[in-house]
Amino acid sequence: MPRLTSGLGHELGFLAKLRGISWGLVLLVSLAAACGIAVLYSAADGEMQPWAATQTVRFGIALIPMIGAALLGIRHWFRAAYWAYAIALGLVVAVDLRGFVGMGARRWIDLGLIQLQPSSLMNIVLVLALARYFHTRSDEEIAHMRSLMPPALMVLIPAALVLKQPDLGTAIVLLTTGAALFFIAGVRLRFFALIALAVGAAVPAGWHLLRDYQKSRIYTFLDPESDPLGAGYHILQSKIALGSGGFFGRGFLNGSQSHLSFLPEKQTDFIFTTLAEEFGFIGGIGLLALYSLMIGYGFVIALRCRNHFGRLLGLGIVTNFSFYVFINTAMVMGLIPVVGVPLPLISYGGTAMLAVMFGFGLLLNVGVHREVRLDQYGAIPSVG
Amino acid sequence: MRREALRQRLFTRRAAVLAGGQALLLAAISGRMYQLQITESERYAVLADENRISLRLLAPLRARILDRFGIALAENRQNYHLVVVPEQAGDIIATLDALGTLIEVGETDRRRVLREIRRKHSFVPVVVRANLSWDEMARVEVAIPELPGVSIDQGVTRHYPFGETAAHVVGYVAAVSEQELDGDPLLELPDFRIGKSGVEKSHDLELRGTAGTSQVEVNAVGRVVRELTRVAGKPGQDAVTSLDMVMQEFVTRRCSAEQSVACVLLDAVTGDVLALVSSPSFDPVPFSMGLTSAMWQELSNDPRKPLSNKAIAGAYPPGSTFKPVVAAAALTSGVLTPETSFTCPGYLKFGNVTFHCWRHGGHGTLRLRDAIKKSCDVFFYETARRVGIDRLAAMARRFGFGGLLGIDIPGERPGLIPSREWKLATGGSIWSQGETLIAGIGQGAVLATPLQLATMVARLVTGRAVSPRLVRAEGLMQRSVDLASRNFPSLDLHARTLGLVLDGMNAVVNEQGGTAYGARIQEAGFAMGGKSGTSQVRHISDYERVRGVRKARQIPWKQRDHALFVAFAPVGAPRYVCATVVEHGGSSGGGGSAVAAPICRDVLLEVQRRDPARRVPGDNGIALLDALRNRSAPPGG
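Residues numbered from 1 in each chain as written. Chains lettered and ligands numbered in written order. Predicted model: local features only at pLDDT ≥ 70, side-chain atom pairs only at ≥ 80, totals over all residues.

S.K.: A description of the overall build of chain A should follow, citing residues and the corresponding values.
M.R.: Check the secondary structure of chain A and you find 15 helices and 2 strands. In chain A, buried positions account for 51% of the 384 residues. Within chain A, contacts between residues separated by at least 24 positions form 74% of all contacts whose residues are at least 6 apart in sequence. (Helix = DSSP H or I, 4+ residues; strand = E, 2+ residues; numbered from the N terminus. Buried ≥ 20, exposed ≤ 12 C-beta atoms within 10 Å, placed from the backbone. Contact = placed C-beta atoms within 7 Å.)

S.K.: Give me the lowdown on the overall build of chain B, citing residues and values where you can.
M.R.: Looking only at helices and strands, chain B has 24 helices and 19 strands in total. Among the 637 residues that make up chain B, the fraction classed as buried is 41%. For chain B, the share of sequence-separated contacts (at least 6 apart) that also reach a separation of at least 24 residues comes to 76%.

S.K.: Describe the pairing of strand 15 (residues 353–356) of chain B, and please don't skip the residues or the numbers.
M.R.: All names here are of chain B. Here 4 bridges tie strand 14 (residues 347–350) to strand 15, and the two strands are oriented antiparallel to one another. The partner of Lys349 across the bridge, within strand 15, is Thr354. Between strand 14 and the antiparallel strand that follows it, strand 15, lie 2 residues; Gly351 among them carries a positive phi value of about 65 degrees. (Pairing = 2+ DSSP bridges.)

S.K.: Hey, could you go over the nonpolar core for me, with residue numbers and the actual values?
M.R.: One finds Cys263, Val264, Leu265, Ala454, Val457, Val577 and Cys578 of chain B to be the most contacted residues of the largest nonpolar core, which totals 127 residues. With 9 residues, the single largest contributor to this core is helix 23 (residues 592–610) of chain B. In contact with Val577 of chain B, not counting residues within four places along its chain, are Leu266, Ala268, Ala454, Val457, Ala458, Val461, Ala567 and Phe568 of chain B. Counting 121 residues, the second-largest nonpolar core is a separate cluster that includes Leu40, Leu128, Leu163 and Phe323 of chain A. (Core = buried A, V, L, I, M, F, W, Y, C linked by C-beta atoms within 7 Å.)

S.K.: Outline the interface of chain B and chain A, listing residues and values.
M.R.: Contact with chain B, which involves 34 residues of that partner, is made by 41 residues of chain A. At the level of secondary structure, the elements contributing two or more residues to the side of chain B that touches chain A comprise helix 1 (2–39) and helix 2 (41–52) of chain B. Broken down by element, the residue count for the side of chain B that touches chain A peaks at 21 residues, all from helix 1 of chain B. Residues that form the side of chain B that touches chain A fall into these classes: 19 nonpolar, 7 polar and 8 charged. (Nonpolar A, V, L, I, M, F, W, Y, C, P; charged D, E, K, R; others polar.)

S.K.: For helix 10 (residues 245–255) of chain B, give the residues involved together with the corresponding values.
M.R.: Taking burial as the measure, the 11 residues of helix 10 of chain B include 8 buried ones, the bulk of the element. Those residues of helix 10 of chain B lying buried are Met245, Val246, Met247, Gln248, Val251, Thr252, Arg254 and Cys255 of chain B.

S.K.: Account for the packing of helix 14 (residues 323–333) of chain B against helix 16 (residues 377–387) of chain B, naming residues and giving values.
M.R.: All names here are of chain B. In the contact formed by helix 14 and helix 16, the axes pass within 10 Å of each other and the chain directions differ by 45 degrees. By the angle class used here, helix 14 and helix 16 are oblique. Considering the relative orientation of helix 14 and helix 16, their crossing is left-handed. Listed contacts from helix 16 to Lys323, Val326, Ala329, Ala330 and Ser333 of helix 14 are Phe380, Thr383, Ala384, Arg386 and Val387. By residue class, the composition of the contact of helix 14 with helix 16 is 6 nonpolar, 2 polar and 2 charged. (Axes fitted to C-alpha atoms, helices over the stretch in contact; angles between N-to-C directions. Parallel < 35°, antiparallel > 145°, perpendicular 65-115°, else oblique. Left-handed = near helix turned anticlockwise from the far one by under 90°.)

S.K.: Mind laying out the sheet that holds strand 9 (residues 224–231) of chain B, listing which residues take part and the relevant values?
M.R.: Residues and elements named next belong to chain B. One open sheet holds the 3 strands; their spatial order is 1-8-9, and the pairing between them is antiparallel. Two strands in the sheet have a free side with no partner beyond their single neighbour: strand 1 (53–58) and strand 9. Taken pair by pair, the neighbouring strands of this sheet meet at an average axis angle of 30 degrees, ignoring direction. Across 6 bridges, the pairing between strand 8 (residues 212–218) and strand 9 is antiparallel. Each residue of the ladder has a partner; that of Val218, found in strand 9, is Val224.

S.K.: Explain the environment of Ala62 of chain A residue by residue, including any values.
M.R.: Following the sequence through the fold, Ala62 of chain A ends up in helix 3 (residues 52–71). Ala62 of chain A sits 299 residues away from Gly361 of chain A along the chain, and the two C-alpha atoms are 9.8 Å apart.

S.K.: Hey, could you go over the confidence of the model for chain A for me, with residue numbers and the actual values?
M.R.: In this model, chain A carries a mean pLDDT of 86, and residues with pLDDT of at least 70 account for 89%. Within the model, the stretch residues 1–9 of chain A combines pLDDT values under 50 with 21 contacts to residues more than four positions away or in other chains. (pLDDT = per-residue confidence, 0-100.)

S.K.: Please provide a residue-by-residue account of the environment of Leu368 of chain B, values included.
M.R.: Positionally, Leu368 of chain B belongs in helix 15 (residues 368–374). Sequence-distant contacts of Leu368 of chain B, that is, excluding residues within four places in its chain, are made with Ala327, Leu336, Pro338, Thr340, Leu500 and Gly504 of chain B.

S.K.: Let's hear about unusual backbone geometry: which residues, and what values?
M.R.: Residue Pro50 of chain A is reached from Gln49 of chain A by a cis peptide bond, and omega for that bond is 0 degrees. If you trace the backbone, Pro50 of chain A turns up in the loop between helix 2 (23–43) and helix 3. Cis geometry is found at the peptide bond from Ala569 of chain B to Pro570 of chain B, where omega equals -10 degrees. Relative to the assigned elements, Pro570 of chain B resides in the loop between strand 18 (561–569) and strand 19 (576–586).

S.K.: I'd like a description of the confidence of the model for chain B, backed by residues and values.
M.R.: Residue and element names in this part refer to chain B. A residue-level look at chain B finds 92% of positions with pLDDT of 70 or above and a mean pLDDT of 86. Of the regions scoring below 50 in pLDDT, residues 630–637 engages in 5 contacts with residues more than four places distant in sequence or in other chains. Listed scores for the predicted complex are pTM 0.68 and ipTM 0.90.

S.K.: Go over the environment of Ala458 of chain B with me, naming the residues and quoting the values.
M.R.: Residue and element names in this part refer to chain B. Mapping Ala458 onto the fold places it in helix 20 (residues 450–462). For Ala458, a count of 31 C-beta atoms within 10 Å corresponds to the buried category. Taking the C-alpha atoms as reference points, Ala458 and Phe399, separated by 59 residues in sequence, lie 9.0 Å from one another. Non-local contacts of Ala458, meaning those with residues more than four positions away in its chain, are made with Leu266, Ala268, Gly271, Val466 and Val577.

Here it is, written out as structure tokens:
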């Protein structure tokens, strides 16, 4: 049994915590959100309504849980991890049941003020729960397949539920995020080889679980020109918008593809295209650079953290964030099938904004508590 | 501690791998962006413009068809449709109810409107009622401020002010058929109309004009956002026909006295067709709007063939009206002089066949002049025998028979002048001389159209190869235009020959004993010359000949003889020529002179009084007609 003790045995003071927040990262997050609001303003033909104003308010509100999450003691998060996971899972199940009753795709719960989409929150609490699990297991335990079963179920159950909604994009993000956590937690590589084999065998079976529209998206991805007016329309129009943007873009408020509605979902899943049409290669690369800075920042925070829970949590959050970015951008550029995930901090949507900001709150929390040591049970070990 | 250090080292290593993986993904994304936005940017910029820019055709206004004095025979009439734009109207049911109180909106209209609204984008105007009357439009116009989304749309339809009077000449327009697509994008416009017959068809390209274009920016659902450029089209060019509408109307009215008539009136000097009537006619308007199958059945089953232009497409045995050609051939070839005489006992035995003269008792001994005057068949049997089919056929062709005259509307038929080659090619047998004799009285295989008969007379009176035309290259009649300016080549016939034939034709009408003496014009200076003809439609059996069962009332209409007459006037200085064929109109005995000659007489008298070959627009009478037209035209027309 390793002894997890450290120099910092006591709770940090409020001001110390406030000082410990990486304000640079907060600035980057705000910058990205501002970019998003600007694009939403353009997407509405230069109007704050209906999207930009709402998104601004949402960002302002979401700052509160972000800073709150950053300031709460890390051991509280450790303790709450499984509970949060259980609650989120319950919400996903509830949505599935409601969706089953209401027919078709229902991915949210109507809370009046916001329509809560539990699957995006699920991403964050999954990272939280896995981080706790791997924190409490020793390397020897992790080497055994038996102790990998609980975390594997923790990933697979919500992924399966989300896939049934059906939300292929979020399911993929859940699976890849889970896999990434397994990887950084030190799970042996032969486990991944085994998974790869199992997935290879399951693909033909899984194909039957996909809905027709999901299948057609995959077909279309393989040959988008085959159906330029049907399923291939979205991706073709998206590529036209991107390509016609060129190096400098067509100028703010001047994207013909988005303004004349050739571009589908210009304010949600395809918002990157709207941005890159008007701001061109420069604008698109600029946003990617901004994202890279945030991801890099996250890596630094995670690597500098002295407790395993924090390291896993921080890196898990950042990786989850980056998967959203990569899947969304690759999708709008026609590199992968259209799976329908939002571009974090930019796409119009309440729950996604809230979940991403909450995630960044946890990342900031890891930074604030980087010197805190946690024992096997999540308690701060006494000095000595 | 050591374990913790090991764990941290593993974590760091794996984090580095993860970071590397993410860097790779980032590089892939950036590379793809480079490819799309820089390498292939131009291609996509073009595609983006193709998306947003839509080229719309602006249909040019179809030009008018006019008569020689500028009276419109085909024009465009504005019509008014009541349209509603659903997205502006809001409550469409309430709007329809409100409209229902102003004008009649039937239940079927209502259902159609609601159906169209469901199918189309909400910004696309839907027609509630087409072709509003002036009165209905006024009522809606007043209420429009209270009816959002409701407006009155102007359209253009083809209008034929004279209806069936000139339908065969003017023709009609109708929707473009698959076979007519010739690459002109105009033809693909949904409401475009193309000429289907008459001048509308033969001069379709000139009348059509060229399309203008409008480049508009459209959004993804096709709504026009703004117009980028506009290139005006060129309207079509008016077609001025040679018709004199007053004469056309006169001839039409005159022909309506008989069941089925074709009549052609020419200016012999210019070849201008002053009137071309095929009676009965048809109303061209339903053809433009879309004909019901019942109407079509009725028109196409009518034995009098109202859809066929019999004046150019009806081929009839010319009968005795062909005799002037035979006479000209005989005089030219020298087998006959004006003094040559034959004896007509009422028949001619040729081999073991007997050829009868129309007059039972025969004409006795007579010369060419009297033979024409009395239309003696035996004289022309003998004359034709002497001339021979080769010279006869050649002369007939010189006069315009046996081939197309090239009149500038579609549907002309060539008729037929038989020859040895023709006989071999069709029947496979040798020409027999008996057939030459039959051809000598314009029967047998000889077929001619009324237009060819009129042209024959025009060539007789001018000695030139006059060819008829319906569309004037010079445009409207002008004082300065030399009216004899069309230089037709000479027929190379002796003036004496022509004079003898014309003198015979003068005698037909103006001398006692002539076959058409009863139809002579008695007004001084207006006298006409002519030649009658009665052509058999069926063979007359010996039994019938013996029993005299040849009275018209005793045989069915379809089997009765055709009555023909060709004429020119005034006899002294011929200017106008007229040919009339009354289908199955000939009773026995009188022949063409009884039924067809009076029509020619009335037409030629009227045309000489009016003298359209020497009038110009604005002359008295024409102005009157214009005023008449304008008053009868409805508002906006």
